[in-house]
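Each chain, letter by letter, is given below.
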Amino acid sequence: QVQLVESGGGLVQAGGSLRLSCVASGRTFRSYAMGWFRQAPGKEREFVAAISWSGGSTTAADSVKGRFTISRDNAKNTVYLQMNSLKPEDTAVYYCAAQAQLIPTTTRPYDYWGQGTQVTVSS
């Protein structure tokens, strides 16, 4: 079992920055690929970014490339999402998730999810 707790959300003006953190319980954190997803009101949850077990491989949605960066610190059981140049359309609840394999893939679901943290970007 892996428990995930997100933090770092809040209200920010357009053009600003936030850094989200997700702390995982357990001693097997380094065995999981990690991802960030978001869900805006009235919309489906969408993929934001993912990172391999070592941090050596990352992917990101086209809508956030060049603005958001995913990283992880396995010593701290933590994955981060640095969000820069925020836009009102980035407003959503952001979730971190763990996938029980070393390299993230879109061909199977994520195994564990956090409760989410709200990000609101004002114009």
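Preceding block: the structure.
Bear in mind the structure is a predicted one, so any value in this text is a computation, not a measurement. (Residues numbered from 1 in each chain as written. Predicted model: local features only at pLDDT ≥ 70, side-chain atom pairs only at ≥ 80, totals over all residues. Heavy atoms only, no water.)

*Asks:* It is not clear to me how the nonpolar core should be interpreted in this structure. Could you clarify?
*Replies:* Across soluble globular proteins, nonpolar side chains show a tendency to be buried alongside one another. Core analysis: the biggest nonpolar cluster contains 30 residues, and Leu4, Met34, Trp36, Val79, Leu81, Met83 and Tyr94 have the highest contact counts within it. Of all the secondary structure elements, the ones that give two or more residues to this core are strand S3 (18-24), strand S4 (33-39), strand S5 (46-51), strand S7 (68-73), strand S8 (78-83), strand S9 (92-99) and strand S11 (117-122). Every residue in contact with Tyr94, bar those within four places of it in the chain, is listed here: Glu6, Leu20, Trp36, Phe37, Arg38, Val48, Phe68, Leu81, Met83, Gly116, Thr117 and Val119. (Core = buried A, V, L, I, M, F, W, Y, C linked by side-chain atoms within 4.5 Å. Buried < 20%, exposed > 50% of the residue type's maximum accessible area, 1.4 Å probe, protein only. Helix = DSSP H or I, 4+ residues; strand = E, 2+ residues; numbered from the N terminus. Contact = heavy atoms within 4.5 Å.)

*Asks:* So what exactly am I meant to see when it comes to a nonpolar patch on the surface here?
*Replies:* Side chains of Trp53, Leu102 and Ile103 sit close together on the surface and give an oily, nonpolar patch of about 270 Å² of accessible area. Here Trp53 lies in the loop between S5 and strand S6 (58-60). Judged by relative accessible area, Trp53 falls into the partly exposed class, the value being 33%. (Patch = residues over 30% accessible without salt bridge, like charges linked within 9 Å, V, L, I, M, F, W, Y side chains within 5 Å. Areas by Shrake-Rupley, 256 points an atom, 1.4 Å probe, with all protein chains shown as cover. Salt bridge = Lys/Arg side-chain N within 4 Å of Asp/Glu carboxyl O.)

*Asks:* I would appreciate a short explanation of the side chain of Thr117 in the present structure.
*Replies:* Along the chain, Thr117 falls in strand S11. According to the relative accessible area criterion, Thr117 is buried, its value standing at 10%. Within the local environment of Thr117, its side chain forms a polar contact with the backbone nitrogen of Gly9, the two atoms lying 3.2 Å apart. If we ignore the near neighbours within four places in the chain, the residues touching Thr117 are Glu6, Ser7, Gly8, Gly9, Leu20, Ala92, Val93 and Tyr94. (Polar contact = N/O pair within 3.5 Å; in protein donor to acceptor, adjacent residues only side chain to side chain.)

*Asks:* Please explain the sheet that holds strand S1 (residues 4-7) as it appears in this structure.
*Replies:* Whenever strands of a sheet pair, they do so through backbone hydrogen bonds, lying parallel or antiparallel. As summarised here, the arrangement of the four strands in space is S1-S3-S8-S7, forming an open sheet in which the pairing is antiparallel. Edge positions in the sheet fall to S1 and S7, since each of these pairs with one other strand and no more. Ignoring strand direction, the axes of neighbouring strands in this sheet form an average angle of 15°. (Pairing = 2+ DSSP bridges. Axes fitted to C-alpha atoms, helices over the stretch in contact; angles between N-to-C directions.)

*Asks:* Could you clarify how one ought to interpret the pattern of salt bridges in this entry?
*Replies:* Close approach of charged atoms lets side chains of opposite charge pair. A full pass over the atoms with the stated rule returns five salt bridges. Note that Arg38 and Glu46 form a salt bridge whose closest N and O atoms lie 2.6 Å from each other. Owing to a relative accessible area of 34%, Glu46 belongs among the partly exposed residues under this scheme. A salt bridge links Lys65 to Asp62; the nearest nitrogen and oxygen atoms lie 3.3 Å apart. Relative accessible area serves as the criterion here: at 65%, Asp62 is assigned to the exposed category. The network of salt bridges with common partners includes Arg38, Glu46, Arg67 and Asp90.

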